[in-house]
Amino acid sequence: MRLESERLLIKDLDLTYKNELMEIIGNSSTLPDELFSQGECLERIANRLVTDGSYYGIWEKSSCRLVGFLCIHYIALREQEIGIMLGKDSRGRGYAYEAVNTYWEYHIQNFKCSLYALCLEGNMRGIESLLRNGFTPVRTIRAGFRKDGQFYNVVRFEKKYRTNCEYNYRW
């Protein structure tokens, strides 16, 4: 997959970007608890990102710099979930909004189904970005995420492909 917006390029990852990915992941406040050391955890996640096929790098076009990644999880036959992680110095610039919006345009042309996202309940930047992208909160998952031995609530968002009234067919 290769997608472009005004400022961003979204495309497949490969092992040459492993160090940059480890830096982005290492600066994340949403890295879950693992049974490994932080270094081992970062290594395992970075390896999965470049070998899984549903993780895509987000590059800033003007600098050709990897600023984050987008992941797509297939959770059911007609359901996909999107996730995004940006490097610390790339947050607050509208990149999350732009990347999700760019993927949505591709998604509705190719999959024709709703798209879901999860966000920590207190992550106001993430929540605001999803709301600006047309997602609506559908439920709160109590204690849905564990970090540093504590459980946190997670909000599930949905962006509908079509509203119910658009499914009226003429026979």
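A short tour of the structure in this document, coming up. (Residues numbered from 1 in each chain as written. Predicted model: local features only at pLDDT ≥ 70, side-chain atom pairs only at ≥ 80, totals over all residues. Heavy atoms only, no water.)

### Side note on the sheet that holds strand S4 (residues 65–76)
- As summarised here, the arrangement of the 8 strands in space is S1-S2-S3-S4-S5-S6-S8-S7, forming an open sheet in which the pairing is mixed. Among the strands making up the open sheet, the edge pair consists of strand S1 (2–4) and strand S7 (136–147). Neighbour-to-neighbour, the strand axes of the sheet open up by a mean angle of 25°, direction not taken into account.
- Relative to strand S8 (residues 150–159), strand S6 (residues 115–120) runs antiparallel, the two being bridged by 6 bridges. Its bridge partner being in S8, leucine 120 is matched across the sheet by valine 154.
- Relative to the sheet, helix H4 (residues 124–132) contacts S6, S7 and S8, its axis offset from that of S6 by approximately 160°. (Pairing = 2+ DSSP bridges. Helix = DSSP H or I, 4+ residues; strand = E, 2+ residues; numbered from the N terminus. Axes fitted to C-alpha atoms, helices over the stretch in contact; angles between N-to-C directions. Contact = heavy atoms within 4.5 Å.)

### Points about the pattern of salt bridges
- Counted by the stated rule, this structure contains 9 salt bridges.
- The salt bridge partner of glutamate 4 is arginine 2, with a shortest N-O separation of 3.7 Å.
- Between lysine 61 and glutamate 4 there is a salt bridge, with the nearest N and O atoms lying 3.0 Å from each other. One end of the pair, lysine 61, is in the loop between strand S3 (55–60) and S4; the other, glutamate 4, is in strand S1, and 57 residues separate them in sequence. (Salt bridge = Lys/Arg side-chain N within 4 Å of Asp/Glu carboxyl O.)

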